[in-house]
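# A structural walkthrough
Residues per chain, in single letters:
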Amino acid sequence: MFAKQELDEILSSYKDFKIATICSHSALQIFNGAREQGVKTIGICTERSRELYESFPYAKPDEFIMVDDYTGIPVDELVEKESILIPHGSLVEYVGDKIDDLAIPIFGNRGSLVYEKSRNKMFEWMHRSGLRTPRVLKPDEIDGPSIVKFPGAKGGKGYIVVHTPEEYYSLVGEDAKTMVQEFIVGVRAYVHYFHSFSTPAGYKTSYGKVEMLGIDRRMESNADEIARQLSVGAKIPISFTVMGNQPLVLRESLLPQYMDMGRGVCNSSKELFGGIHGPFCIETIVTEELEVYAFEISARIVAGTNLLESPYSRYSHGPNYTTGMRIAQELKNAAKAGKLGDIVY
Amino acid sequence: MFAKQELDEILSSYKDFKIATICSHSALQIFNGAREQGVKTIGICTERSRELYESFPYAKPDEFIMVDDYTGIPVDELVEKESILIPHGSLVEYVGDKIDDLAIPIFGNRGSLVYEKSRNKMFEWMHRSGLRTPRVLKPDEIDGPSIVKFPGAKGGKGYIVVHTPEEYYSLVGEDAKTMVQEFIVGVRAYVHYFHSFSTPAGYKTSYGKVEMLGIDRRMESNADEIARQLSVGAKIPISFTVMGNQPLVLRESLLPQYMDMGRGVCNSSKELFGGIHGPFCIETIVTEELEVYAFEISARIVAGTNLLESPYSRYSHGPNYTTGMRIAQELKNAAKAGKLGDIVY
Amino acid sequence: MFAKQELDEILSSYKDFKIATICSHSALQIFNGAREQGVKTIGICTERSRELYESFPYAKPDEFIMVDDYTGIPVDELVEKESILIPHGSLVEYVGDKIDDLAIPIFGNRGSLVYEKSRNKMFEWMHRSGLRTPRVLKPDEIDGPSIVKFPGAKGGKGYIVVHTPEEYYSLVGEDAKTMVQEFIVGVRAYVHYFHSFSTPAGYKTSYGKVEMLGIDRRMESNADEIARQLSVGAKIPISFTVMGNQPLVLRESLLPQYMDMGRGVCNSSKELFGGIHGPFCIETIVTEELEVYAFEISARIVAGTNLLESPYSRYSHGPNYTTGMRIAQELKNAAKAGKLGDIVY
């Protein structure tokens, strides 16, 4: 893994900074937010996508670095331009394990990747954070509807549902490296948090300042219209490819619990790998009994924040405020306080 | 019931007023709205919830009164601090019938409680308002899918669905005090209104000024993901615990009818118990034939308004306007006009 | 069809212009947007609807022209008042083919009507635009769930689903003029575009400037709660009457494709009937494989834009921006540039 010391040398050479990211996932929001905060932006972009990012006057980057595809990040050019790279789901998807070695400041903490790329480590992290999770089942323990997740499945694609050990072995085989989880009955809520480096005086948490910035409900194809298909007699298995997001607010009496969950994740991440910085998300299901189950943590901006404003961002920062703006503001504040090194890695 | 005359004495002792409410349900919105309108706020809060309400700089109350639980309202302290209590669903749930006797000005009209706590009275109110409702069935009249509502069920929790008298008696028994309603096939819409004390000159209604401020769709666990469960073969009965809300707009051609419904509710409430003031909601279902069925009225702010902005609030008051702001504005306007006594009880 | 030359004479007599529309569908938004842009408005209104349009101080028209019903448009009075008519779904529904002959400037291009009122022509238009569509089936080719659309069905009302040729003939008969489409399994997304007359210098499209302003998901009764009905054993066929709209954002990696689709529609419309101007919508379904199927184009403002703000409108024009504002702005810009004649017909 790229050494923190080497990173500090790079940072010490920066007189100012720009925000750079791959043109996908939540890049429009990231560019838009930086623009509103007066921070310059660089879009790492393919020819195919460039026209889209030029189509939005308030969300286009100040500058493009053109690439053939997103597997290679032009690190030297980005560092020369004093860039801080904002990670998002597409960066993780396209660059994969090589993120570890990118010789460039990345907002957040690349140490979280170890926990995100292994489902077992993810569950360890969630349990350490005090989160209630679905039961993880060995194939032979399957005793009802269970969701089978394959390694590295992107955006829910390829998940299947099985009901018995026999069905599992027949569909998946003996040797697959899957994780089988109990199918929790309830309604999903994806809660967006932001962990800031600065703890306001007198703020009552053990770790720092955790903000709640929004909530979404992922739209999955075909799961979110499966009823129509059942109704018309289409015999097509349910699938969970994320195709978009819709806004949601939660019952206010659930929020103290969600704030505890957010703080729990921050605390445990400090113990496990030095802490998370900036946006993160806890993916949950709320049951009929209003019990909250978590099934994943994303240690970076999630696409659900592309909905932009939310009541929770308004309660935190006023109207028309976005996670994209929050990222730029955090970096500016840290730069001013001489603490950029604390929140990038 | 607390005498109106005694209330007037309390009010006459107020030189100014603050907005107070229990820290739950829609309190963040109420505090946020008051802050935007320059009205001071008091949060009645438990230790468990305090951190949440301190987490949102734009929605935290100016002052907390700490309580052990929400069954007891610190009336004397609130009156001493010149508070007007804003009722919401959690107040009704926690304080219950004792609201009648609280010796403090409550925004709205506690006279509505009689109609809200009895489902039969609620249907009487709805019919008097000219609303189309689902058929109410005696157990022996059950002739298809029917929803069984138990007394005092909170947020949809515990509702069940039956199809025959036999199923009813087997699941519910002979002596339960339930209301059985025909299961209406359609899509739900919860419309948020505000009834203002001031009637602008030339405004054409028989009663006053009814504003439409928003619409939501309640998210119920597990009903709003029941299709997934059906699809994967989970044999779990449908349940209706409200866990959150999503925004919705209605076909514009339905709105004249909804405005009539809002005015109908105001008119009938004046006849029945002296009128409602401030926010209220009509819970409806829209059928395939675009017929609108109402199944409940809430005579206070509903949690669906926590979505904040809506096209309808914008058409009424401009961008970024909320029901929380509207409450504070109404109280300010009434105080200025010397009419606070008309809209609190 | 009303001659373009005659239209130019009318336009040349205008010293200024007002925005007029029928009080239904998206009129509140159109009036609200015009007001924010400083353009005067006229509401063509029935007695039944007038009170609604007077209820919203920020969305009521400056002036009403009262009519008995919406089948007759008071063309002479509107022209005398220098009106430009904004078409929307209700105008098309109520006035029908007679729109062709209305002697008044209409924003957009009445030439699109030929393609919108015939489903076969619509599919020709979509294919020419490079859109992927569901298969269109002859009744004898029905080989699975298929949706049967009747001529002129309004807002999805009356659509039925069949599975075999036999079921088709039994329910529909031999001679009906229907279009049968393969039932696509996925989640629907309705994408709102705006085609502007002005092409900024250096803008890279073959045709002009296509903006993406929003996305919605139509709510259909009873399809969008069909799962509840299935779950409780209500044996009621699925139906698709649009009753409202909910906001949606799409996976950002899908957007370049959607931008291509929008440009494709603009390009083909120029070839087929002289081009579309202003707002339009492509109705789509996104499958599990993230393939996008289009099943309709609306060459005018759609009711989904009534949600108002969207991340995409913010990226295009800043916060709190609406399609209604965009329409007024476009007409102002065209008037200033002496090009009103290019974007009305």
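Residues numbered from 1 in each chain as written. Chains lettered and ligands numbered in written order. Predicted model: local features only at pLDDT ≥ 70, side-chain atom pairs only at ≥ 80, totals over all residues. Heavy atoms only, no water.

### Side note on the sheet that holds strand S2 (residues 41–45) of chain C
All names here are of chain C. The line we're drawing: DSSP bridges decide pairing: two strands pair if at least two such bridges lie between them. Under the DSSP-based scheme used, a helix requires at least four consecutive residues in state H or I and a strand at least two consecutive residues in state E, with every element numbered from the N terminus. Fitted lines through C-alpha atoms serve as axes, helices being fitted only where they are in contact, and the angles separating the N-to-C directions of these axes extend from 0 to 180 degrees. Residue contacts follow a heavy-atom distance rule, with two residues in contact if any of their heavy atoms lie within 4.5 Å.
Pairing within the open sheet is parallel, and its 4 strands lie in the order S3-S2-S1-S4. Two strands bound the open sheet, and with one partner strand each, they are strand S3 (63–66) and strand S4 (83–85). For this sheet, the mean inter-axis angle between neighbouring strands, taken without regard to orientation, is 30°. Packed onto the sheet, helix H3 (residues 47–54) meets S2 and S3 and runs at close to 170° relative to S3.

### Comments concerning the domain arrangement of chain A
In many reports, interface size means the accessible area that the parts give up when they come together. Residues and elements named next belong to chain A. Quick note on the threshold: Residue ranges for the domains originate in an automatic or database domain assignment. A quick way to say it: buried area is the sum, across both parts, of accessible area lost when two parts are put together, with a 1.4 Å probe. Each reported salt bridge corresponds to a side-chain nitrogen of Lys or Arg within 4 Å of a carboxyl oxygen of Asp or Glu. Contacts described as polar in this section are N or O atom pairs within 3.5 Å, which, within protein, must combine one atom able to donate a hydrogen with one able to accept it, while residues neighboring in sequence count only if both atoms come from side chains. Gly counts as polar in this scheme, as do all residues outside two lists: the nonpolar Ala, Val, Leu, Ile, Met, Phe, Trp, Tyr, Cys and Pro, and the charged Asp, Glu, Lys and Arg.
What the domain assignment reports for chain A is domain 1 (4–132 + 185–343) and domain 2 (136–182). Contact between domain 1 and domain 2 buries roughly 1,000 Å² in total, counting both sides, with carbon and sulfur atoms accounting for 60%. Interface area lost by domain 1 to domain 2 is led by Arg119, Phe123 and Phe240, which between them contribute 56%. In this structure, the connection of domain 1 to domain 2 is made through 0 salt bridges. Run the count over domain 1 and domain 2 and you get 1 residue pair in polar contact (both at pLDDT 80 or more). Of the residues belonging to the side of domain 1 that touches domain 2, the class tally is 5 nonpolar, 2 polar and 2 charged.

### A short note on the relation of the copies chain B and chain C
We apply this condition: When the copies are superposed, the least-squares fit draws on C-alpha atoms of residues that have pLDDT of at least 70 in both.
Superposition of chain B onto chain C requires a rotation of 120° combined with a translation of 0.0 Å along the rotation axis, giving an RMSD of 0.0 Å. Expressed as an axis order, the relation between the two copies is that of a three-fold axis. Among all residues of chain B, the one whose C-alpha sits closest to the rotation axis is B:Ala227, at a distance of 2.9 Å.

### Comments concerning the pairing of strand S1 (residues 18–22) of chain A
Residue and element names in this part refer to chain A. Put simply, the rule is: Residue exposure (1.4 Å probe, protein chains only): buried if accessible area is under 20% of the type maximum, exposed if over 50%, otherwise partly exposed. Handedness rule for crossovers: strands pointing away from the viewer, path from the first strand over the helix to the second running clockwise, crossover right-handed.
With 4 of its 5 residues buried, S1 lies for the most part within the structure. Here S1 pairs with strand S4 (residues 83–85) via 3 bridges, running parallel. Bridge assignment links Lys18 to a residue of S4, and that residue is Ser83. In this sheet, strand S2 (residues 41–45) lies alongside S1 in parallel orientation, the contact comprising 4 bridges. Considered in S2, the bridge of Ile19 is made with Thr41. A crossover connection joins S1 to the parallel S2 through helix H2 (residues 27–36); in handedness this β-α-β unit is right-handed.

### Overview of the pairing of strand S9 (residues 187–196) of chain A
Extensive coverage of S9(A) is indicated by the burial of 10 of its 10 residues. Burial along S9(A) is two-sided: A:Val187, A:Ala189, A:Val191, A:Tyr193 and A:His195 and A:Arg188, A:Tyr190, A:His192, A:Phe194 and A:Ser196, pointing in opposite directions, are all buried.

### With respect to the relation of the copies chain C and chain A
Mapping chain C onto chain A calls for a screw motion: a turn of 120° about the axis and a shift of 0.0 Å along it, with 0.0 Å RMSD after fitting. Different-surface contact between copies: only 14% of interface residues of chain C are shared with the interface of chain A.

### Section: the environment of C:Val136
All names here are of chain C. As for its placement among the helices and strands, Val136 is situated in strand S5 (residues 136–137). Each C-alpha atom, one on Val136 and one on Met179, is 7.1 Å from the other, the two residues being 43 residues apart in sequence. Residues contacting Val136, with those up to four places away along its chain left out, are Phe123, Glu141, Met179 and Val180.

### Some words on the interface of chain B and chain C
At the junction of the two partners, chain B supplies 51 residues and chain C supplies 53 residues. Between chain B and chain C lies a buried interface of about 4,300 Å² when both sides are counted; carbon and sulfur atoms form 56% of it. It is B:Glu252, B:Arg314 and B:Tyr315 in chain B that bury the most area against chain C; as a group they hold 21% of the surface buried on that side. Summed over the shared surface of chain B and chain C, the result is 8 salt bridges. With its nearest N and O atoms 3.3 Å apart, the salt bridge here joins B:Arg217 to C:Glu225. The interface formed by chain B and chain C contains 26 residue pairs in polar contact (both at pLDDT 80 or more). Breaking the side of chain B that touches chain C down by element, the ones donating at least two residues are strand S9 (187–196), strand S10 (209–222), helix H9 (226–232), strand S11 (240–247), strand S12 (249–250), helix H10 (255–273) and helix H11 (311–317) of chain B.

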